[in-house]
Amino acid sequence: MLDFIVETAQLAGKEAMLHFGRLKESEVSSKGTVRDLVSVADQAVEALIVSRIKERFPEHDIFGEESGRTGDSAEYCWVIDPIDGTQNFVKNIPMFSISIGLKHKGEYVAGCVHQPALGSTFYAEKGKGAFENGKRIHVSDCDNIEHAVCATGFACLRAGLEHNNLPYFNKLAPVIRSVLRTGSAAYDLCLVASGRLDGYWEFALQEYDIAAGTIIAREAGAVVTDHRDKNNFPADGILCSTPELHEQFLAYLN
């Protein structure tokens with residue numbers, strides 16, 4: 001299935017690039033809050049992905065950011081974020097991702113995160129390692145939180161959240177070497193997987209934000225948990241890091 005996932009993500013990337021830098025104001029709207037944007041590009045890209053999955057695997061369930069769930073009874077479920085980083089996309093910032101993850105009986109087994117504007121395609125299948133553009137990738141060997149270069153994010157729905165990231169950012173920012181915000185959780189997970197970053201944490205995400213990135217990061221040697229060192233992510237936050245850094249990050253996130 002991995003070849004199909006990668007091919008679909010790259011075709012979806014071509015569709016996204018037809019809209020990138022060309023969106024009209026009337027083609028962008030908000031979902032419930034002015035900060036949570038959706039564009040005609042998100043909808044077109046998801047429609048393309050869903051159409052291909054339904055044609056190839058009509059018996060599978062699908063969970064897409066824009067179209068919702070088609071069911072919850074099949075062994076396989078596709079988890080799709082058509083454009084992870086819509087804020088960037090709308091502002092013509094080329095840091096956005098097409099994210100397609102596949103679950104089997106509730107477990108992530110394959111995924112692809114494709115960045116059409118940057119020319120990077122990350123992908124992985126359970127037990128077979130993680131790759132970027134055909135090259136095997138692995139997490140860094142960073143083992144000291146003071147040396148760690150990390151990413152985080154601030155959810156568009158952050159107002160009124162019980163667990164807002166700002167207090168945790170204020171605790172971690174003075175400790176770690178550097179911190180950045182790409183605006184795409186899927187890409188952040190892949191940056192850890194490829195060793196460019198050493199850790200990533202965030203709150204208030206949805207499963208479609210992290211499904212593909214999780215299997216890629218894990219296959220690259222990263223540890224991915226919630227902020228309580230459990231498997232209830234992203235509901236209880238998400239933490240992805242090198243194995244040596246994980247307990248060090250948890251001390252701050254708890």
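Preceding this paragraph is the structure being described.
Residues numbered from 1 in each chain as written. Predicted model: local features only at pLDDT ≥ 70, side-chain atom pairs only at ≥ 80, totals over all residues. Heavy atoms only, no water.

(A) Expanded view of the overall build of the protein. Scanning the protein from terminus to terminus reveals seven helices and 15 strands. In terms of principal-axis extent, the alpha carbons of the protein reach across some 45 × 40 × 35 Å. Buried residues in the protein amount to 52% of all 254 residues. Taking the contacts inside the protein whose residues are at least 6 apart along the sequence as the reference set, 61% of them involve residues at least 24 apart. Summing over all exposed atoms, the protein offers an accessible surface of approximately 11,400 Å²; the carbon and sulfur share of this is 47%. (Helix = DSSP H or I, 4+ residues; strand = E, 2+ residues; numbered from the N terminus. Buried < 20%, exposed > 50% of the residue type's maximum accessible area, 1.4 Å probe, protein only. Contact = heavy atoms within 4.5 Å. Areas by Shrake-Rupley, 256 points an atom, 1.4 Å probe, with all protein chains shown as cover.)

(B) Focus on the side chain of Asp-209. Take Asp-209: it is sitting in helix 6 (residues 207-219). What makes Asp-209 buried here is its relative accessible area of 10%. A polar contact of 2.7 Å, which involves the side chain of Asp-209, links it to the backbone nitrogen of Gln-206. The residues contacting Asp-209, other than those within four sequence positions of it, are Asp-81, Asp-84, Ala-185 and Ala-186. (Polar contact = N/O pair within 3.5 Å; in protein donor to acceptor, adjacent residues only side chain to side chain.)

(C) Representation of the side chain of Asp-188. Within the secondary structure layout, Asp-188 lies in helix 5 (residues 185-193). For the buried residue Asp-188, which engages in no salt bridge, the nearest side chain bearing the opposite charge is Arg-181, 7.3 Å off. For Asp-188, the residues in contact, after removing those within four places along its chain, are Ala-151, Thr-152, Thr-182, Leu-197 and Tyr-200. (Lys, Arg positive; Asp, Glu negative; His and termini not counted. Salt bridge = Lys/Arg side-chain N within 4 Å of Asp/Glu carboxyl O.)

(D) Region of interest: the environment of Val-109. When you line up the elements, Val-109 lands in strand 7 (residues 107-115). As for Val-109 and Ile-216, which are separated by 107 residues in sequence, their C-alpha atoms are 9.5 Å apart. Look past the residues within four positions of Val-109 in its chain and what remains in contact with it is Leu-102, Lys-103, His-104, Ala-124, Glu-125, Lys-126 and Ile-215.

(E) Structural view of the sheet that holds strand 8 (residues 120-125). Taken in spatial order, the eight strands make up an open sheet running 4-3-5-6-7-8-9-10, and their pairing is mixed. Of all the strands in the sheet, just strand 4 (68-69) and strand 10 (135-137) have a single pairing partner and so form its edges. Relative to strand 4, strand 3 (residues 61-64) runs antiparallel, the two sharing two bridges. Following the sheet pairing, Gly-64 is matched in strand 4 by Gly-68. Strands in contact with helix 1 (residues 2-19) are strand 5 (76-84), strand 6 (97-104), strand 7 and strand 8; relative to strand 7, the strand with the most contacts, it is inclined by about 35°. (Pairing = 2+ DSSP bridges. Axes fitted to C-alpha atoms, helices over the stretch in contact; angles between N-to-C directions.)

(F) Expanded view of the packing of helix 5 against helix 6. Between helix 5 and helix 6, the shortest axis-to-axis distance is 8 Å and the interhelical angle comes to 5°. Relative to helix 6, helix 5 is oriented roughly parallel. Residues Ala-185, Ala-186, Leu-189, Cys-190 and Ala-193 of helix 5 touch helix 6, and the partners they reach there are Asp-209, Ile-210, Gly-213, Thr-214, Ile-216 and Ala-217. Taken together, the residues of the contact of helix 5 with helix 6 break down into eight nonpolar, two polar and one charged. (Parallel < 35°, antiparallel > 145°, perpendicular 65-115°, else oblique. Nonpolar A, V, L, I, M, F, W, Y, C, P; charged D, E, K, R; others polar.)

(G) Representation of the environment of Pro-174. Relative to the helices and strands, Pro-174 resides in the loop between helix 4 (166-172) and strand 12 (178-180). By relative accessible area, which is 64% here, Pro-174 ends up exposed. C-alpha of Pro-174 to C-alpha of Gly-85: the two residues are 89 residues apart in sequence and 26 Å apart in space.

(H) Quick peek at the pairing of strand 6. With seven of eight residues buried, strand 6 is to be regarded as a mostly interior element. Two strands pair when backbone bridges link them, and strand 6 and strand 7 are joined in this way by seven bridges, in the antiparallel orientation. Paired with Leu-102 across the bridge in strand 7 is Ala-110. Hairpin connection of strand 6 to strand 7: two residues between the antiparallel strands, including Lys-105 at a positive phi of 55°.

(I) Representation of the packing of helix 1 against helix 2 (residues 40-56). Axis separation between helix 1 and helix 2 bottoms out at 9 Å; the angle between their running directions is 155°. With respect to each other, helix 1 and helix 2 are oriented roughly antiparallel. Taken as a pair, helix 1 and helix 2 cross one another with a handedness that is right-handed. Along its contact with helix 1, which presents Phe-4, Glu-7, Thr-8, Leu-11, Ala-12, Glu-15, Ala-16 and His-19, the element helix 2 presents Val-40, Ala-41, Ala-44, Val-45, Leu-48, Ile-49, Arg-52, Ile-53 and Arg-56. When its residues are assigned to classes, the contact of helix 1 with helix 2 shows eleven nonpolar, two polar and four charged. (Left-handed = near helix turned anticlockwise from the far one by under 90°.)

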